[in-house]
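Structural characterization, general
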Amino acid sequence: EPEVTQTPSHQVTQMGQEVILRCVPISNHLYFYWYRQILGQKVEFLVSFYNNEISEKSEIFDDQFSVERPDGSNFTLKIRSTKLEDSAMYFCASSEVIDRGEYEQYFGPGTRLTVT
Amino acid sequence: AQKVTQAQTEISVVEKEDVTLDCVYETRDTTYYLFWYKQPPSGELVFLIRRNSFDEQNEISGRYSWNFQKSTSSFNFTITASQVVDSAVYFCALSEASTPVSEKLVFGKGTKLTVNP
C-alpha cells in the first residue's frame, strides 16, 4: 500500500540553524500539508500546498517557515532560523482529490525536531 | 471558528472493558467533516474514520463504533472489549467545507487511552 515517507526520523539542531524536513507524498496525490505536534499536545495545522503554491497557512507559519516542491516528488518544509519552541514532531500529509469529504489525509510517520 | 474539544485527557481501563471517548465540536458551517485518528506510542497518525455532516448514521467496524449526534455536536468513539493494543492517544478532528481548498484538519487535544491487562 502506498504511503507517505518522511526523512529524517529525528533531527537535532542548534538554535539559529536552518533545517529542511523532507517528505515524499503518495505519488498521485495533489494536496500536501504540514502539521506539527509539540510533545504531549495536539496536532496543529501549519500549511497546505496545491498546484505549486500555498493554499492556506496558519498563524504559526510565519516568515521563518517556507515550503517547496522542488522536483515533483519531494515536499519540503524549511525553517530558516530555528528556535527552541520549534522543537516538535512535524507531520507531512497528502490527499488525492479534494472532493468535499470524500478523501482522507494520509500522514507520514513524522520527523522529530529537537532544537538545542 | 472551528473547535474540537476532547474533555477526557486520560482514560485507564482493564482489558475487555468497553470505553467511550468523547468528542464535541463547534462549527458555523452546515457542511463539515469529522475524523478520528489513532496515535500509538510509535507516534504515527492512523486514520480510523471520516464522517460528513449529512450522514448521521452510526458506524460499526469490528470492535469500534462511532456515534454522531448533530443535536449535541458530538462524535463519540466506543471501543468494545478493549485490548492492550488499543492503548494510544486518540484524536478527533474537524474539517469545514467552507475553508479554502486546503481542507485543513483542526484537531482536539486528544485522549490518552491506557488498557491494562
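See above for the structure.
First, a word on what this report is: a plain description of the structure on this page. (Residues numbered from 1 in each chain as written. Chains lettered and ligands numbered in written order. Predicted model: local features only at pLDDT ≥ 70, side-chain atom pairs only at ≥ 80, totals over all residues. Heavy atoms only, no water.)

All names here are of chain A. Take Glu18: it is sitting in the loop between strand S2 (10–13) and strand S3 (19–24). Here Glu18 falls in the partly exposed class, since its relative accessible area comes to 44%. When the C-alpha atoms of Glu18 and Val67 are compared, they prove to be 13 Å apart, with 49 residues separating the residues in sequence. Not counting residues within four places of it along the chain, the set of residues in contact with Glu18 comprises Lys78, Ile79 and Arg80. (Helix = DSSP H or I, 4+ residues; strand = E, 2+ residues; numbered from the N terminus. Buried < 20%, exposed > 50% of the residue type's maximum accessible area, 1.4 Å probe, protein only. Contact = heavy atoms within 4.5 Å.)

Another point: the packing of aromatic side chains. Here the distance between the centres and the angle between the planes together describe a pair of aromatic rings. Residues and elements named next belong to chain B. With the rule as written, the count across this model stands at 24 aromatic pairs over all chains. With a centroid separation of 6.0 Å and 85 degrees between ring planes, the pair formed by Tyr64 and Trp66 is classed as edge-to-face. Assigned by exposure class, Tyr64 and Trp66 land together as buried. Centre to centre, the rings of Phe91 and Phe107 are 6.1 Å apart; their planes meet at 85 degrees, and the pair counts as edge-to-face. (Phe/Tyr/Trp six-rings, centres within 6.5 Å; stacked < 30°, edge-to-face > 60°.)

This brings us to the state of the cysteines. Within this structure, the stated rule accounts for two disulfides over all chains. For Cys23 of chain A, the disulfide goes to Cys92 of chain A, at an S-S distance of 1.9 Å. Negative torsions about the S-S bond denote left-handed disulfides, and the value of about -65 degrees found for Cys23 of chain A with Cys92 of chain A makes this one left-handed. A residue pair is termed long-range when its members are at least 10 positions apart, and Cys23 of chain A in strand S3 and Cys92 of chain A in strand S9 (residues 88–95) qualify at 69 residues. Accessibility assignment for this pair places Cys23 of chain A and Cys92 of chain A in one class, buried. In this model, Cys23 of chain B is linked to Cys92 of chain B through a disulfide, with the two sulfur atoms separated by 2.0 Å. (Disulfide = S-S within 2.5 Å.)

Counted according to the given criterion, the structure contains five salt bridges over all chains. Here Lys104 of chain B and Glu56 of chain A are joined by a salt bridge, their closest N and O atoms 3.2 Å apart. Highlighted residues: Lys104 of chain B in the loop between strand S10 (88–96) and strand S11 (106–107) and Glu56 of chain A in strand S6 (residues 53–57), drawn from two different chains. Residue Glu56 of chain A is classed as buried on the basis of its relative accessible area, which comes to 14%. (Salt bridge = Lys/Arg side-chain N within 4 Å of Asp/Glu carboxyl O.)

On to the side chain of Ser48 of chain A. All names here are of chain A. Its place among the elements puts Ser48 in strand S5 (residues 43–50). Since its relative accessible area comes to 1%, Ser48 is described here as buried. Side-chain polar atoms of Ser48 contact the side chain of Ser55, separated by 2.8 Å. (Polar contact = N/O pair within 3.5 Å; in protein donor to acceptor, adjacent residues only side chain to side chain.)

This part takes up the layout of surface pockets. Approximately 510 Å³ is the volume attributed to the largest pocket. Lining the largest pocket are 25 residues, with Gln37 and Gly40 of chain A together with Gln39, Val89 and Lys112 of chain B positioned closest to its centre. When residues of the lining of the largest pocket are traced back to their parent elements, those giving at least two are S10 and strand S12 (111–116) of chain B. Top element by residues in the lining of the largest pocket is S12 of chain B. It accounts for four residues. In the lining of the largest pocket, the residues fall into nine nonpolar, 12 polar and four charged. (1 Å grid on protein atoms, 1.4 Å probe; cavity = no way out; pocket = protein on both sides within 12 Å on 5 of 7 lines; lining within 4 Å. Points joined across faces, edges and corners; volume = space filled by probe spheres on them. Nonpolar A, V, L, I, M, F, W, Y, C, P; charged D, E, K, R; others polar.)

Spatial relationships are all this shows, so hold off on functional conclusions.
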